Amino acid sequence: MSPLETLARLLAKYRHSAETLTVRSLAAREEMRVELEGFWADVAGPELFGAESSIASLALGGESAPPSPALERDRADFRRALWRLADDLSLRGVASPESERWRRELRPRAG
């Protein structure tokens, strides 16, 4: 499963409808492999990796969701998928300043 597919699955699970639609659209474009330059620019853009009101800044399940082991596991999977996506952007040389900031913030910690 690609990072975009993972993000779409988790967003749908927690009923983040608009964000799910955005990520599913990106995942479909990735699979079709058309207009790749525009695709990567959209992935690196503010809707996914902006500083505020972006998918990366979203609290999966909502800020007030009661903590549970399943939610924490899903949030970790969500952060990991975002990091994988931001890291891929960086490796391809198409990262934006915002996606680079998120890549550094989401980097898995050793330990």
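What counts as what
Residues numbered from 1 in each chain as written. Predicted model: local features only at pLDDT ≥ 70, side-chain atom pairs only at ≥ 80, totals over all residues. Heavy atoms only, no water. Helix = DSSP H or I, 4+ residues; strand = E, 2+ residues; numbered from the N terminus. Contact = heavy atoms within 4.5 Å. pLDDT = per-residue confidence, 0-100. Axes fitted to C-alpha atoms, helices over the stretch in contact; angles between N-to-C directions. Parallel < 35°, antiparallel > 145°, perpendicular 65-115°, else oblique. Left-handed = near helix turned anticlockwise from the far one by under 90°. Nonpolar A, V, L, I, M, F, W, Y, C, P; charged D, E, K, R; others polar. Buried < 20%, exposed > 50% of the residue type's maximum accessible area, 1.4 Å probe, protein only. Arc of directions from axis to C-beta. Polar contact = N/O pair within 3.5 Å; in protein donor to acceptor, adjacent residues only side chain to side chain. Salt bridge = Lys/Arg side-chain N within 4 Å of Asp/Glu carboxyl O.

The next thing to look at is the side chain of H16. Residue position: H16 is located in the loop between α1 (3–13) and α2 (17–32). For H16, the residues in contact, after removing those within four places along its chain, are L11, L58, A59, L60, G61 and G62.

A few words now on the confidence of the model for the protein chain. Confidence in the prediction for the protein chain averages 94 pLDDT; 98% of positions are at 70 or higher. Confidence, read as mean pLDDT per element, is least for helix α3 (residues 36–44) in the protein chain (91) and greatest for α1 (98).

Relative orientation of the contacting elements α3 and helix α5 (residues 69–92) amounts to 130°, with a least axis distance of 10 Å. If you check the angle between α3 and α5, you find them oblique. The two elements α3 and α5 cross, and the hand of that crossing is left-handed. For the pair formed by α3 and α5, the contact residues are W40, V43 and A44 on the first element and L85, D88, L89 and R92 on the second. When its residues are assigned to classes, the contact of α3 with α5 shows five nonpolar, no polar and two charged.

What follows concerns α3. Turning to α3, its buried residues are F39, W40, V43 and A44. Buried positions in α3, seen along its axis, are confined to an arc of 130° and lie on one side of it. Elements that come into contact with the buried residues of α3 comprise α1, α2, α4 (46–49), α5 and α6 (97–106).

Checked against the element boundaries, T20 lands in helix α2. At 2.7 Å, the side chain of T20 and the backbone oxygen of H16 are in polar contact. Dropping the residues within four chain positions of it, T20 is found in contact with A8, L11 and A12.

Residues spaced three or four apart along an α-helix point in a common direction, a consequence of the helix completing one turn every 3.6 residues. Along α6, the residues that are buried comprise S99, E100, W102, R103 and L106. Projection of α6 onto a plane perpendicular to its axis shows the buried side chains occupying an angular sector of 165°, all on one side. Close packing links the buried residues of α6 with α3, α4 and α5.

Inspection of the entire model under this criterion finds nine salt bridges. Across the salt bridge formed by D88 and R92, the nearest N and O atoms sit 3.1 Å from each other. Taken together, the residues span about one helical turn, with D88 and R92 both in helix α5 at a distance of four residues. Judged by its relative accessible area of 49%, R92 is partly exposed. When salt bridges with common partners are traced through the structure, they connect D87, E100, R103 and R104 into a single cluster.

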